[in-house]
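Close look at the chain arrangement
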Amino acid sequence: MRDPLSALTDAFTSFLFGKVESTRLPVRTSTGQAQAVYLPTAAPGLGDSGVIIGREVYSGKGYIYDPFQLYGQQLPAPHWLVLGESGNGKSALEKTYVLRQLRFRDRQVVVLDAQGEDGVGEWNLIAQELGITPIRLDPTAALDHGIRLNPLDPSITTTGQLALLRTIIEVAMGHGLDERSGFALKVAHAYVNETIVDRQPVLTDIVDQLRHPEPESAEAMNVPIDDVRAWGLDVALVLDRLVDGDLRGMFDGPTTVGIDLDAPLIVFDLSHIDRNSIAMPILMAIVGVWLEHTWIRPDRKKRIFLVEEAWHIINSPFVAQLFQRLLKFGRRLGLSFVAVVHHLSDVVDGAAAKEAAAILKMASTRTIYAQKADEARATGRVLGLPRWAVEIIPTLTPGIAVWDVNGNVQVVKHLVTETERPLVFTDRAMTESSSDHTDDALRAAELEAEERAAAFMEQHLSDLDGSSESTVA
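Here the structure is a predicted model, which means the values were calculated and not measured.

**A word on the overall build of the protein chain**
The helix and strand tally for the protein chain stands at 22 helices and 13 strands. Burial status across the protein chain gives 48% buried among its 473 residues. Within the protein chain, contacts between residues separated by at least 24 positions form 74% of all contacts whose residues are at least 6 apart in sequence. Surface accessibility of the protein chain: about 23800 Å² in total, with carbon and sulfur atoms responsible for 53%.

**Observations regarding the nonpolar core**
Leu239, Phe268 and Phe305 are the most contacted members of the largest nonpolar core, which totals 94 residues. Looking at this core, the element that brings in the most residues is helix α13 (residues 279–294), giving 11 residues. Setting aside residues no more than four positions away along its own chain, Phe305 makes contact with Val110, Leu112, Leu291, Trp295, Phe323, Leu326, Leu335, Ser336, Phe337 and Val338. Grouped together as the second largest cluster of nonpolar side chains are 34 residues, Tyr97, Val111, Ala127 and Tyr369 included.

**Topic: empty space enclosed by the protein**
Going through the model one piece at a time under the given rule, you end up with 3 cavities of 30 Å³ or more. Of the pockets and cavities examined, the largest cavity occupies roughly 60 Å³. Around the largest cavity, the lining residues are His79, Trp80, Leu81, Ile314, Leu327, Phe337, Ala339, Ile359, Leu360 and Ala363. Of all the secondary structure elements, the ones that give two or more residues to the lining of the largest cavity are β3 (79–83), β10 (335–341) and α17 (353–362). Broken down by element, the residue count for the lining of the largest cavity peaks at 3 residues, all from β3. Looking at side-chain class alone, the lining of the largest cavity contains 9 nonpolar, 1 polar and no charged residues.

**A short note on the sheet that holds strand β2 (residues 62–65)**
Spatial ordering of the open sheet is given by β2-β1-β13-β12-β11-β3-β10-β9-β4-β8-β7, a layout of 11 strands whose pairing is mixed. On the outer flanks of this sheet lie β2 and β7 (135–136), each paired with one strand and no other. Taken together, the 5 bridges between strand β9 (residues 302–307) and β10 define a ladder with parallel strand orientation. Directly across from Phe305, in β10, lies its bridge partner Phe337. Along the sheet, helix α4 (residues 90–101) contacts β1 (51–56), β2, β3, β4 (107–113), β8 (265–269), β9, β10, β11 (363–368), β12 (400–405) and β13 (408–414); its crossing angle with β1, the most-contacted strand, is approximately 135°.

**Here we look at the packing of aromatic side chains**
Here the structure, examined in full by the defined rule, presents 12 aromatic pairs. When the ring of Phe305 is compared with that of Phe323, the centres are 5.9 Å apart and the planes differ by 25°; the resulting orientation is stacked. Here the residue Phe305 occupies a position in strand β9, and Phe323 occupies one in helix α15 (residues 317–331), the gap between them amounting to 18 residues. The exposure classification of Phe305 matches that of Phe323, with both residues buried. Site record: aromatic cluster; members linked through ring pairs are Tyr63, Tyr65, Trp80, Tyr97 and Trp403.

**Some thoughts on the pairing of β2**
Here β1 runs beside β2; their pairing, made up of 4 bridges, is antiparallel. In the sheet register, Ile52 faces β2, and the bridge partner there is Ile64.

**What to know about the pattern of salt bridges**
For side chains bearing opposite charge, pairing can occur when the charged atoms are close. For the coordinates displayed, the defined rule picks out 18 salt bridges. Linking Lys372 and Glu85 is a salt bridge whose minimum nitrogen-to-oxygen distance equals 3.3 Å. Within this pair, whereas Lys372 is found in the loop between β11 and α18 (373–383), its partner Glu85 is found in the loop between β3 and α4, the two being separated by 287 residues in sequence. Between Glu122 and Lys95 there is a salt bridge; the shortest N-O distance is 3.2 Å. Note that Glu122 is positioned in the loop between β6 (120–121) and α5 (124–129) and Lys95 in helix α4, a separation of 27 residues in sequence. Each member of the salt-bridge network shares a partner with another, and the members are Asp66, Asp106 and Arg107.

**Re α17**
Turning to α17, its buried residues number three or more, namely Glu355, Ala356, Ile359, Leu360 and Met362. All buried residues of α17 fall inside an arc of 160° around its axis, so they share one side. Along α17, the residues that are exposed and aim more than 90 degrees away from the buried face are Lys354 and Lys361.

**Section: the side chain of Thr367**
Looking at the element boundaries, Thr367 is found in strand β11. Overall, Thr367 belongs to the buried group, its relative accessible area being 0%. Beyond its immediate sequence surroundings of up to four residues, Thr367 is in contact with Trp80, Leu81, Val82, Leu83, Leu93, Ala401, Val402 and Trp403.

**Remarks on the packing of helix α7 (residues 158–173) against α15**
For the pair α7 and α15, the least separation of the axes is 8 Å and the interaxial angle reads 150°. When the interaxial angle is binned, α7 and α15 end up roughly antiparallel. From α7, Thr167, Glu170 and Val171 reach across to α15, where they touch Phe318, Val319 and Leu322. Tallied by class, the residues present in the contact of α7 with α15 amount to 4 nonpolar, 1 polar and 1 charged.

**Regarding unusual backbone geometry**
The residue Arg300 is not glycine, and still its phi comes out positive at about 70°. Its location among the elements puts Arg300 in the loop between α13 and β9. The backbone of Asn406 sits at a positive phi, close to 55°, despite the residue not being glycine. Structurally, Asn406 can be placed in the loop between β12 and β13. Overall, the relative accessible area of 45% leaves Asn406 in the partly exposed class.

Reading the values: rules and limits
- Residues numbered from 1 in each chain as written.
- Predicted model: local features only at pLDDT ≥ 70, side-chain atom pairs only at ≥ 80, totals over all residues.
- Heavy atoms only, no water.
- Helix = DSSP H or I, 4+ residues; strand = E, 2+ residues; numbered from the N terminus.
- Buried < 20%, exposed > 50% of the residue type's maximum accessible area, 1.4 Å probe, protein only.
- Contact = heavy atoms within 4.5 Å.
- Areas by Shrake-Rupley, 256 points an atom, 1.4 Å probe, with all protein chains shown as cover.
- Core = buried A, V, L, I, M, F, W, Y, C linked by side-chain atoms within 4.5 Å.
- 1 Å grid on protein atoms, 1.4 Å probe; cavity = no way out; pocket = protein on both sides within 12 Å on 5 of 7 lines; lining within 4 Å.
- Points joined across faces, edges and corners; volume = space filled by probe spheres on them.
- Nonpolar A, V, L, I, M, F, W, Y, C, P; charged D, E, K, R; others polar.
- Pairing = 2+ DSSP bridges.
- Axes fitted to C-alpha atoms, helices over the stretch in contact; angles between N-to-C directions.
- Phe/Tyr/Trp six-rings, centres within 6.5 Å; stacked < 30°, edge-to-face > 60°.
- Salt bridge = Lys/Arg side-chain N within 4 Å of Asp/Glu carboxyl O.
- Arc of directions from axis to C-beta.
- Parallel < 35°, antiparallel > 145°, perpendicular 65-115°, else oblique.

Structure representation (structure tokens):
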């Protein structure tokens, strides 16, 4: 309660000078008009140099991304992880990204295409459009003058050949080579390289030498010849699978002449290989080492190595170690590794959790498409995403993804041009009879998604008013 003297003073002042304070009448308005009082803000973009991806959902700004432009200042590594369930737009993003990168003269791309449709890989249309013949690795076709990649190709260093042979054997056996088996392999490989000079050595030569080691090999270690033969028996049996087993024809002969490693796009079509068999990680290992020694060169070209179904790599400790070395080595020579995975749990809960964590750490760019709520929370914990991004992932519709570029997190709608659209569809069997209706439905779904996303963010910002919690946007 005010004291009588203050009340008397205020009354006398009002009598002499009128009321000091004015009373403002209330104003009725709409939220559409009132929003002008609080001007919208948007997170800074990634610059204006590189490949346009689409537009940022909340601000409408164009979203441009290029790991080679960002490397060093905004990106500690140029490698990229793409996550999301099937049917949400991962494939369309990868293909348009590659097509747009190839417009730069100093770009070159290798794709390991592990998925197929109509008897060919899903990158076949793009390869045809660019006049490229995919390198189709097929055990049945290999027996009839098909494509071969020789692990003992002279273009691969002697050290690289031996490392590749060890990796193939360890992947197939599921454990590392012991010292005795490793010694038997080493002396067999050394003998083959020293004695075969008039042609390319092949795996059959290694298998024969393991079965029938030279006396000099035993004498060098002062052990009986029978012991050396016994040490190499398991190794010979594993390699025999590539020579005379279900994988024969692809790796047991000289490298096919005519594989153009200078083409702007190189597609390895693995769609005829059983994705759940041991053959897939063996193929990944062979292709990875072969590319390391024949494709990655210090010629100032910027190279992109895109791997579909990349969990075949990251789930095998030996293959993961190989690719981890490739990523570290390739970073100095301008290599951007793009790994496409459906679920992060396929990686972090696998047999190669330690190696997977190292590869994920090197991926400074992460793109996450729609996932179920539980999977989104697990992904957010592993990748360190902000809470608002984790909450919105289950609500995303096809074509929209959360992009985390070294902590710069935004929601981006991928845009596909009419020219690109026929090349990036991978579900023709489901859509070609009603493609027009599908396009209309997709555009309607995208519009609805944008409206839902905007409403979600408006509510989220409203909830944060007065809160001290910080977010990344």
